[in-house]
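Listed here are the chains, written in short residue letters.
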Amino acid sequence: MSDRFDYIVIGGGSAGSVVAARLAADSGARILILEAGYSHRHPLLDMPPGIFKMIKGSKYMRYHKTSAQEHLGGRSHEIPQGNVLGGGSSVNAQVYIRGRPSDYDEWHKILRGNNQSAGWAWKDVLPHFKRMAGNNRLNNELHQPDGPMMVSDPGHINEMSRWFVQAVQALGEPYNHDFNGSSQRGCGFYQFMNRNGRRSSAAYAYLEPQKNNPNLEIRLQAEVQRIVTKNGRATGVMYRDKSGRHHEVQATQEVIVAAGALITPKILMLSGIGPADQLSQHGVECIENLTGIGENLIDHPEVPIITTANGPYGYFGQGDGWRMLRNGLQFKLFGSGPVTSAGVEAGAFVNPLDPDGDPTIQAFCVPIVYLDRELAKSVKDTHGLTVTTVVVKPVSRGTVRLRSADPGEMPVVSPNLLKDPRDMQAMVAGQGFFIEAFQKSPLREKVERFVAPDPKDLSDEALIAHCKRFVKTNYHPAGTCRMGADGDDMAVLDSRMRLRGIENIRVCDMSAVPDINAGNTNSVAMMLGDRCADFIMGKA
Ligand SMILES: Cc1cc2nc3c(=O)[nH]c(=O)nc-3n(C[C@H](O)[C@H](O)[C@H](O)COP(=O)(O)OP(=O)(O)OC[C@H]3O[C@@H](n4cnc5c(N)ncnc54)[C@H](O)[C@@H]3O)c2cc1C
């Protein structure tokens, strides 16, 4: 194994896989990916419903536990993240959302400052979204059929999902055939990052085509501990292999940190780059005082409405006994049936408080009684429908801090979900809106009872209490090493994703974003990887 590369990418996740594959394919440079997790080649990861098993506990996930959240009555909750090549794109629910143009136009404004060439407006990022995804239905100014990541309509649509979409239309919302189209608003069926029921992760779409490229080496179960610096420049990386041995590898050009929004700040802080006062608390020598590292943690808060069904509708039991055999056979023989669905097919983007304004709430329709593992104990598995509501532009911000100087320890994560009253207000309105949808035909006729919230008391106080009890992550941590304009004290990166103050380091993952996009984040992370590769190769 060589110990000298041009570029070292820390973390082969959604963004890291793309930047590494593009550099390997197009730059002629030698690239090393150091990925802490496992190989992405496993049937459970390939099949969309595998996510339900992984959420319940799997080596392919890294489970962060938040610090006690005072505003939630001291509750702490889990934030699972991918622990596998492809990162989140290898374990996620595959819902394909880009956000809306104003998300990026806002970034552009934040980043522009005195630097007129920030280059993050919608017109700048759209070409990347467009060229990365091959869409199986749409071919227009926003989509095309031939990108490496395969995007498809759901392979299977459960009847519950159809009833949900009809009920939301009965509330006056338009049917939207493309949530990544000219308007986000309305209800409809998501598109997914898969084809014929097979996941199209960043690992499959970008790394697999490079598997015979001698310029790309991937080391798995290689946990990076810190970046090595000398005279204000990064020169390499220290990592620990699966047998516990320590290695140093050298980077002649750049170190690209892509370990995700919760671990990237930890690695930088362990390297002496971060808020000086915090580093000194843990005895880490500070070589660059970057106060923004670990600040500005943004995540999408999610709260469920859980109902049981009065008949055998939905996905309950489809993974057990003879049904599992039948569904498995259907998938194997015809590539169709429930196994092609990640368990969520339909959704909506609405603004309950101002129907003409931008959507404030995204909903996911999950045709089963569904909760993450820590909350699942509080409800019984059965036939039912869970509608989760998500605040798409939260204003609450959290933090990631070092727990200690020991690289083996997880960071202290405090996301502060729903802490800001504006987020709570949006969430309560969203809950009220979708509870109303359950009163509309054809959903109304299928619901047996509400498990939560309690329909006998839907006052704001009761809904706030429900939100505090159930709020959890939508799995989208972001913003902890954000880009910002020159002169912005909290900016960690410049608009080319370069770390401020130390040469030869870039951050290329969801940490880099100044604000979160409205909706799911995977395609955004992959777009960051594609842009970062262009920045490095001077193609932007
Ligand atoms: C359960 C779940 C469901 C989701 N559902 C959706 C969805 O349906 N649609 C959607 O668009 N988005 C979804 N997301 C979010 C999306 O997948 C993430 O936003 C995206 O993957 C983030 O990409 P990233 O590159 O920032 O980080 P990641 O993809 O998390 O990549 C970070 C990588 O770094 C590795 N790593 C961590 N620490 C180290 C270390 N010390 N050394 C080396 N490597 C390290 C990790 O193992 C990982 O591979 C979901 C995420 C999860 C977890």
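Described below are features of the structure shown in this document. Here the residue numbering is sequential within each chain, running from 1 through the sequence in written order. Given that the model is predicted, a residue must reach a pLDDT of at least 70 before its local features are reported, and side-chain atom pairs must reach 80 or more before they are shown or counted; all residues, however, enter totals for whole chains, interfaces and linings. Excluded from the side-chain calculations are hydrogens and water; all other atoms, namely the structure's heavy atoms, are used.

Considering helix 15 (residues 522-537)
Here is step 1: Helix and strand labels come from DSSP, where a helix needs a run of H or I of at least four residues and a strand needs a run of E of at least two; each type is numbered from the N terminus. The span expected for a helix works out to 1.5 Å for each residue beyond the first. Over its 16 residues, helix 15 runs 23 Å from end to end, which matches the ideal 22 Å to within 8%, given 1.5 Å per residue.
Here is step 2: The element helix 15 is extensively covered by neighbouring structure, given that 16 of its 16 residues are classed as buried.
Here is step 3: After helix 15 finishes, the residue Gly538 shows a positive phi value of roughly 70°. Relative accessibility under 20% of the residue-type maximum defines a buried residue, over 50% an exposed one, and the middle range a partly exposed one, all with a 1.4 Å probe and only protein chains included.

Focus on empty space enclosed by the protein
Here is step 1: A 1.4 Å probe that fits into a set of points on a 1 Å grid over the protein atoms alone but cannot get out defines a cavity; an open set with protein on both sides within 12 Å along at least five of seven lines defines a pocket, and lining residues are those with an atom within 4 Å of a point. Grid points are joined across faces, edges and corners, and a volume is the space filled by probe spheres set on the points. In the structure shown here, the tally under the stated rule is four cavities of 30 Å³ or more.
Here is step 2: Lining the largest cavity, in full, are Tyr96, Ile97, Arg137, Leu138, His177, Asp178, Phe179, Asn180, Phe189, Tyr190 and Gln191.
Here is step 3: Side-chain classes follow a simple rule in which Ala, Val, Leu, Ile, Met, Phe, Trp, Tyr, Cys and Pro form the nonpolar group, Asp, Glu, Lys and Arg form the charged group, and the remainder, Gly included, forms the polar group. Taken together, the residues of the lining of the largest cavity break down into six nonpolar, three polar and two charged.

Remarks on the pattern of salt bridges
Here is step 1: By definition here, a salt bridge exists when the distance from a side-chain nitrogen of Lys or Arg to a carboxyl oxygen of Asp or Glu is within 4 Å. Applying the stated criterion across every chain, the model contains 27 salt bridges.
Here is step 2: Two residues, Asp534 and Arg131, come together in a salt bridge whose shortest N-O distance is 3.1 Å. With Asp534 in helix 15 and Arg131 in helix 6 (residues 122-132), this residue pair connects regions lying 403 residues apart in the sequence.
Here is step 3: Since its relative accessible area comes to 39%, Arg131 is described here as partly exposed.
Here is step 4: Among the ionic pairs, Arg444 bridges to Glu445, the shortest N-O distance being 3.4 Å.
Here is step 5: Taken together, the shared-partner salt bridges connect Arg22, Asp26, Arg131, Asp530 and Asp534 into one network.

Digging into helix 11 (residues 321-334)
Here is step 1: Counted at 1.5 Å a residue, the expected span for helix 11 with its 14 residues is 20 Å, and the 20 Å between its end C-alpha atoms agrees.
Here is step 2: In the stretch just after helix 11, Gly335 is the one whose phi turns positive, near 60°.

Here's the deal with the site of the ligand
Here is step 1: Definition of nearness: a residue and a molecule or strand are near each other if at least one heavy atom of the residue lies within 4 Å of the molecule or strand. By nearness alone, 40 residues border the ligand, and Ser14, Glu35, Gly88, Thr521 and Asn522 come closest of all.
Here is step 2: The backbone of Ala15 places a nitrogen or oxygen atom 3.0 Å from an oxygen atom of the ligand.
Here is step 3: Working definition of accessibility: Shrake-Rupley area with a 1.4 Å probe, residue cover restricted to the visible protein chains. Expressed as a share of its isolated accessible area of 1,000 Å², the protein-covered part of the ligand is 97%.
Here is step 4: For the shell around the ligand, the secondary-structure elements that each account for two or more residues are helix 1 (14-26), strand 3 (61-65), strand 4 (78-82), helix 4 (88-91), strand 11 (223-230) and helix 15.
Here is step 5: Here the shell around the ligand is composed, by residue class, of 19 nonpolar, 17 polar and four charged. Nitrogen and oxygen atoms within 3.5 Å of one another constitute a polar contact, given that in protein one can donate a hydrogen and the other can accept it, and given that sequence-neighbouring residues count only through two side-chain atoms.

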